[in-house]
Structures are given as C-alpha cells and as structure tokens.
Amino acid sequence: MTAQRSQVPTGRHIFVVGLGFGDEGKGATVDSLCAAGGAAAVVRFNGGAQAAHNVVADGVHHTFAQFGSGTLAGVPTYLADRMLVEPIALAAEADELERKGVRDALSLVTVHPDALLTTPIHAAANRTREDLRGIARHGSCGRGIGETTWYDLAWQARARPGDVVQNLRSPGSAGEPPLRVRDCRNPTALRRKLDALQQFYRPLLALGGHGVPSVDAMASVYREFAAAVRIAGDEHLERLTRTGRLILEGAQGVLLDEWRGFHPYTTWSTTTPANARALLARIGQPSGYVLGVLRSYQTRHGAGPLPSEFDDRNGRLPEWHNGTGAYQGGWRVGHLDTVLLRYAIEACGGVDGLALTHLDRRGSGQFVAEYRYRGHAVRRLPLGPAQDLGQQSRLTAVLHGSAPVLEDLPRQADQLAALIGDLLRVRVVHTANGPDRKNRI
Amino acid sequence: MGNGAWSDNTYRAASTFRRARGIDDFTYTSTLFSLPQAQWAADPALDPFGVGMRESRDSAEHPNSTPIAVLFDVTGSMGAFPRIMQAKLGQLHGLLQREGYLQDPQIMFGGIGDADTDRVPLQVGQFESDNRMDEQLRTIFLEGNGGGQKSESYELATYFIARHTVTDAWEKRGRKGYLFIVGDELNKPVLTAKKLRQVLGEPARGQVDVAELYREVQQRWDTYFILPNQSSYFTDRQVRGHWRALLGERLLLLEDPAAVCELIALTIGLNEGTIDLTGGLDDLRRIGSGHGATVRKALTGVGTGRRMIAPFDPGRDGRR
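Below or above, wherever it landed, is the structure these notes cover. In this text, all values refer to a predicted model and were calculated from it rather than measured experimentally. (Residues numbered from 1 in each chain as written. Chains lettered and ligands numbered in written order. Predicted model: local features only at pLDDT ≥ 70, side-chain atom pairs only at ≥ 80, totals over all residues. Heavy atoms only, no water.)

Some points on the pattern of salt bridges
If charged atoms from side chains of opposite charge come close, those side chains can pair. With the rule as written, the count across this model stands at 33 salt bridges over all chains. With a closest N to O distance of 2.5 Å, A:Arg182 and A:Asp114 form a salt bridge. Of the two residues, A:Arg182 sits in the loop between strand S10 (168-169) and helix H5 (187-205) while A:Asp114 sits in the loop between strand S7 (109-111) and strand S8 (116-117), which places them 68 residues apart along the sequence. Looking at A:Arg182, the relative accessible area reads 37%, which means it is partly exposed. Residue A:Asp216 pairs with A:Arg191 through a salt bridge whose shortest N-O separation is 2.4 Å. Here the residue A:Asp216 occupies a position in helix H6 (residues 215-228), and A:Arg191 occupies one in helix H5, the gap between them amounting to 25 residues. Taken together, the shared-partner salt bridges connect B:Glu55, B:Arg57, B:Asp58, B:Asp168, B:Glu171, B:Lys172 and B:Arg173 into one network. (Salt bridge = Lys/Arg side-chain N within 4 Å of Asp/Glu carboxyl O. Helix = DSSP H or I, 4+ residues; strand = E, 2+ residues; numbered from the N terminus. Buried < 20%, exposed > 50% of the residue type's maximum accessible area, 1.4 Å probe, protein only.)

Here it is as structure tokens:
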C-alpha cells in the first residue's frame, strides 16, 4: 500500500475515540501516537477495567485494561475523575506488564481522587443480575463497571429497597455515597462505605453464587493501593500539559454510549469525547483534535443490533485478540456500515480525522451504503434530543428492522481510505494494516 | 469466580502494592496487614504510649555516646525509606564509626504517620549501638496510609524527641544529639492536647505551637529535615518554605532517595568537623557508593565543622 505519513497534527491534545461498538483499534492507535514522541500522558477518561485495548510493540503484546495504551512506549497513565478504577485488577495488570519487561509499572500511574472505585461487590452484583436475566442478557462484561455507575445513580436517588433506578431494581437502601479513590486514604470512610455497600447488595447477592472477599480484605488492599499509587487531582494533569500533549484514550465505542447508544444495548459510560472535553476545559487547556477510529469492517461483542452482520464462520476475518467472554457473548462481524459511522461521528459532536485500522483484513469487500427500512432508504440516523432513552429505543427498533444495501469496496487500500473519507466527509489521517506498531502509518 | 479466586486476587494485589512501595521484607508489617485493622498496633517495643523517657546512656564499651534519632515518614511512597536504610545500615555504621566521623553512635529509628487518620501515627525505638537497630527498623509498622492532607504528624515525633528523651551526651558533656526527619509534607498546624493524650498517653496541658517546638528541640538536638525526591512534593514550594522557616539551611533536598544513608553519614561528619566535604566524598567512593554527586548537591550550602570534638583516638575505638 502507499506509505503516506500520518497526518495527525502534532502538538495538540488528541481524543482517540472508537466509532463502533468497541474493538476499533484505539489501543494500537494510542501506542502509535505515543511512540512518535511528544506525549506527556495517556488519559483514561471513561469506562474502567473492562477495556481490552491491544497493543503489539516490538513483539510484546499486551491487552490494556486500566493502564493507558502508551505504557509500552513509556508514556505514563492518568486515570481521570470519570474513570472507574478497579485496584485489584490494576495490580494484576501491573504484574503482567512487569513480566513483559515494564519496570515499576505502578509508578507510571496517577489516579484522580474523585474517581469511583469498582469493587468485587459490584462485579458480583453485575454477574448476579446478568444470570437472573438469562436469555435477555445485555452483553455485559461482568466486571461490575456498569454496576459502579449505577450505584452512584442509586445513591443520588437515595434509592429504597425495590425502587427502580434506570431500569434496575435497588436491592437495598442506598445510604452511603459511593466509594471513591480518595476514600482509600481514609480508613474510617473506607470501612464505613464498604460495610454499607455490602449491606446494600446483600439481598441481590444472596440470589447468586458469586462470592466476594471479606470487607477486611478489601479495606486492606485498598489502603495498600492508596499507599502505592500516586493520587493527584486536576492540578497534576495541568502540570503534565507543560511537558507535552495529552492523548485522551476513550474506552468502548461511541455506539455503546449510555445516551447515544442503542438502548438498552449500551454501557453505563459516556463513550463520546464529552467527558474528555470537559476535563480539558476544566484545566484551562484548548480543546483537542478528535481522532475517530474505525475498522475496515464492523464488529460487535455480545447482544444488540448489527444490521450488516454476516456469518463469518469460515473465518474470512480472523481475530487476533478477541475471544468470547462468558458474560459478554460472542464475537460478531459485519460490513463497514456508513449509516452507523455517520451517526457515531454526529454523536461525537464531529470528528477531525479518521484512523482506519485492519486494512490487512478487509475481507468482506463490501460496505453498507444505506438501509431499507419499511420501504424507505435510510442513510442517516437522526441524533435525537440529549438523554432521551425513548428515542434511543426507537433507533434500536429501526436497526432491528433494517436491511442493509451493500456496495463494493475498492481493493486498493489508498482508494478505500479515500472512499471512506468521501462518504463520511472526514479525512483518513492514520492507517494500520496489521496489529504491530510497525504496521502503523 | 468464587470467593476463593477473589480472595487470591485480593491477596496478590495487596502484595503487588506492597512490593511497589518496597516493604515486602518487613515481616511485622506483612503480618499486621493480614489482620483486621482494629488489631493494627505498633510493636510494644516501638509504642510511644506511656513512655516516660527514651535513654541514650554511656557504657563501659561506649563511653562517649552520641544519640542519633532517624524518624521516617512511613506514609505512602515514603514507606520505601526504612527498607533503603535497612539495606545500608552496615554502611552507615561503618562510616560513622570505622571512618571515625563520630564516636559511639547510638541510633534510634522511628516511624511517623498521620495522627488524624492512621492507627499507628508514631513509633519510636530505643537508642541502640549494635545490630538490634536492624531489628528495630524491620519492626516499624509501615501502615502506609496518611491522610492526603499534605501534612503528617512530624511535630508529634519532634515533641517526643524534645520532651521524652534523656541523653548522657547532653547531661554529662553538653553535646547535642542528631535528629533526622525524613519526610515530604508539612507539619500539622498545631499539636493538640488531644493528640498528646491519644498517642503518648500524657495529661493534656493545652496545645503546642509548632514553631516553638522546633526551637525547643534544636536546643538539644541538631535537627535536619530530609526531603527526598520520592513524591511530587519534592518540588513543592510550600513544603520547602515551611521547613526552611523552621530549620533554615538544615532542610536537605535529596534527589536520589537511595542515597539517604550516605547523606546522613556525611551530614554528621561535616557537622562534627571530622571530615570536610571532599574527604567525605572520597570515603563514599572508597566504600563503593555511587551517590557522591547526589550527596554533594544535598549538602551544598549547609554549614560545616561548627564544632570540633576531641581528637579521634583509633586505639580506643579498637577496630572491633
């Protein structure tokens, strides 16, 4: 393929967001930007430990969950206030990174004191709820990420037993604010909140077989976490901007966004750059460049609409790093879908450039030009009013009832990139034709 | 995932975090961490509660004792220091005694936490002349918490040194001891009567002014604050200004935490007037320490040789 240099601007902060349902190649894109130099930190601003961002650099492969995907390039990580932090998994990831040759991995991480804490209690609650849903599973990762956000909402609503908050039933009385990273430094608050959380979820957990460690064990590990990992707020991030630019690494795809995704097949997280924009504004920085990441075809994990899905049991599009999670459901593929991509770009409030990945695997050879829905052509899904889940449910119904209209894709990578740029009215500024850092331009 | 797997993960994570701050060798700490918090306490040998006086006394073997108190902030990443010190204790002792920086050092170690939030905010050992100081060091409980308020209870430790120590060096010879506090934050604004009651178990007599306390302690103790490059507070102007106001040039900025032992040794040698900086740096080279440059930088601007001691007598020191 033609080797054009990456046209991602240097110097500006960059939001790296996925324009699909996750798995677009955000991790490798972040690694590539970091390896090019000039990055002060990779900032995680949404989601939590469920992220699975694959990076292959110099033969070392790591699936990043909470560490930023710039770690192998030596760039430190900042977990911002809207990140959901899971310390036990963070330690396990640090161990794994050290086995792969990253020294003092935990010293690379700084955490915002206001970030919510995901605990084994949240994970067990999440798994129990999914088990009870049976066949109507939402396609959750089972890590308690959504449950962490939900408890915060339940607390804000001062939920009582049986109250329904955002479609989920409250198992107890939400009497304590949610655990935050800052609480790990305060033994009294830590103990009180862990006790309260356990009490709150007891009726739900009694319905399932998902055990949790003792409150003592959790309190102890969280205190260790606070002692070992640097905890610092916005001022730390502001200081970092003096030494280089920030790479703001989104987790999950825009199409899973809690408000813009296709309800109810969404995540409890803002996956658009909205949080990251707010963060930069708060520390007085100019807004960043939005780099939207997409594959040359569509993918999805677990349940939910995917209009362009085709049966790939013959493995035209073999997957390097994605398997099937017990709670997440199977791996699915579809044709590149310009209707979904246009919607994702609008949901981001616009995208400045595209990173097109998996050019080595564009086996489907076709793309979705439009949908047929009840006899009408649909090229664009309307962006409804903010935070209107009724509207989002209607969009889900449209996707379920739509038949894709397919056209052929050019075989040449540069022609493909040019066509996608034209169709989406955003230039392709960065491409990848393989999983390794060296496959990136 | 069942409870067992979760518990394993939790245990492993705790051990990863401990290793990250370098305390896995400290078995007292490891043991305590496996117990409920309610049972966390200083080892009785280090518990300051109800202690009348810690004594540094001459003996037939050590007739010219000079007390040295080294008190570490053990919160957060600072918990690495007792370990660094433990690994180099032999070196410190060697420099002080074999190189003749100081006769008959008696060293006491202690740990400083946050009296607002920690279960064990202060630990103080005994003045020891032999390898019991190593044991003391390992017995410090590295609670590692701290309140995150940019202050720790250094003043409580200083109060203990000022009011709860008695030394032959001072009483018989009018010689000051050495107090080194290794930390990275501010003192608490005031030392309250409540803290004195809670931690030291002494009847309250109103609060103690911190600046006044540091003036008091310096009458009997040459007092230094070592601020290591271990956290973001190393460059914090408020932290530096705070300690400069209390101790002047005796705020020592240590760029490489690994050099803390060498820094303490040379600071003492220089203050005793038994070495000059060049000689001290030569000694470091000779014993294979690569920290000369760091130590020189930390000691720039610190006055030297303010007092002379009686000429060193190698015959008596005896090369035991």
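Concerning the sheet that holds strand S4 (residues 122-124) of chain B
All names here are of chain B. Read from one edge to the other, the open sheet built from six strands follows the order S4-S3-S2-S7-S11-S12, with strand pairing classed as mixed. Every other strand in the sheet has two partners, leaving S4 and strand S12 (251-254) as the edge strands with one partner each. Between one strand axis and the next, the sheet turns by 20 degrees as a mean value, whatever way the strands run. Direction of pairing for strand S2 (residues 66-73) relative to strand S7 (residues 177-182): parallel, over a ladder of five bridges. Pairing of Phe72 across the sheet is with Val182, part of S7. Helix H8 (residues 210-220) rests against S7 and strand S11 (221-228) of the sheet, and its axis sits at about 120 degrees to S11. (Pairing = 2+ DSSP bridges. Axes fitted to C-alpha atoms, helices over the stretch in contact; angles between N-to-C directions. Contact = heavy atoms within 4.5 Å.)

Some words on the pairing of strand S4 (residues 60-64) of chain A
Residue and element names in this part refer to chain A. Sheet topology note: the strand S3 (residues 53-57)/S4 ladder contains five bridges and is antiparallel. Bridge pairing in S4 links Val55 to His62. What sits between the antiparallel neighbours S3 and S4 is a turn of two residues, in which Asp58 has the positive phi angle 50 degrees.

Some points on the packing of aromatic side chains
The geometry of an aromatic ring pair is captured by the separation of the ring centres together with the interplanar angle, meaning the angle of the planes. This model, assessed by the stated rule, comprises 16 aromatic pairs over all chains. Residues A:Trp150 and A:Phe200 carry aromatic rings whose centres are separated by 6.1 Å and whose planes lie at 40 degrees to one another, so their mutual orientation is tilted. One end of the pair, A:Trp150, is in helix H4 (residues 145-156); the other, A:Phe200, is in helix H5, with 50 residues separating them in the sequence. Of the two residues, A:Trp150 and A:Phe200, neither departs from the other in class, the shared state being buried. Between B:Trp40 and B:Phe141, the aromatic rings sit 5.5 Å apart at their centres with planes inclined by 75 degrees, giving edge-to-face as the arrangement. Of the two residues, B:Trp40 is situated in the loop between helix H2 (27-33) and strand S1 (54-56) and B:Phe141 in the loop between helix H4 (132-139) and strand S5 (151-152); the sequence distance between them amounts to 101 residues. An identical accessibility class is assigned to B:Trp40 and B:Phe141; each is buried. An aromatic cluster is present here, built from A:Trp150, A:Tyr151, A:Phe200 and A:Tyr201 joined pairwise through their rings. Just above the ring of A:Trp155 sits the side chain of A:Arg158; from NZ or CZ to the centre is 3.6 Å. Here the guanidinium or amino end of A:Arg300 rests over the ring plane of A:Phe21, the centre of that ring lying 4.0 Å away. (Phe/Tyr/Trp six-rings, centres within 6.5 Å; stacked < 30°, edge-to-face > 60°. Lys NZ or Arg CZ within 6 Å of the ring centre and 35° of its normal.)

Some thoughts on the interface of chain A and chain B
Taken together, the contact between chain A and chain B spans 29 residues of the former and 28 residues of the latter. Summed over both sides, the interface between chain A and chain B buries roughly 2,400 Å², with carbon and sulfur atoms accounting for 57% of that surface. There are one salt bridge connecting chain A and chain B. There are two residue pairs in polar contact (both at pLDDT 80 or more) connecting chain A and chain B. For the side of chain A that touches chain B, the secondary structure elements donating two or more residues are helix H2 (87-99), helix H3 (120-133) and H6 of chain A. A class-by-class count of the residues in the side of chain A that touches chain B yields 17 nonpolar, four polar and eight charged. (Buried area = accessible area lost by both parts, 1.4 Å probe. Polar contact = N/O pair within 3.5 Å; in protein donor to acceptor, adjacent residues only side chain to side chain. Nonpolar A, V, L, I, M, F, W, Y, C, P; charged D, E, K, R; others polar.)

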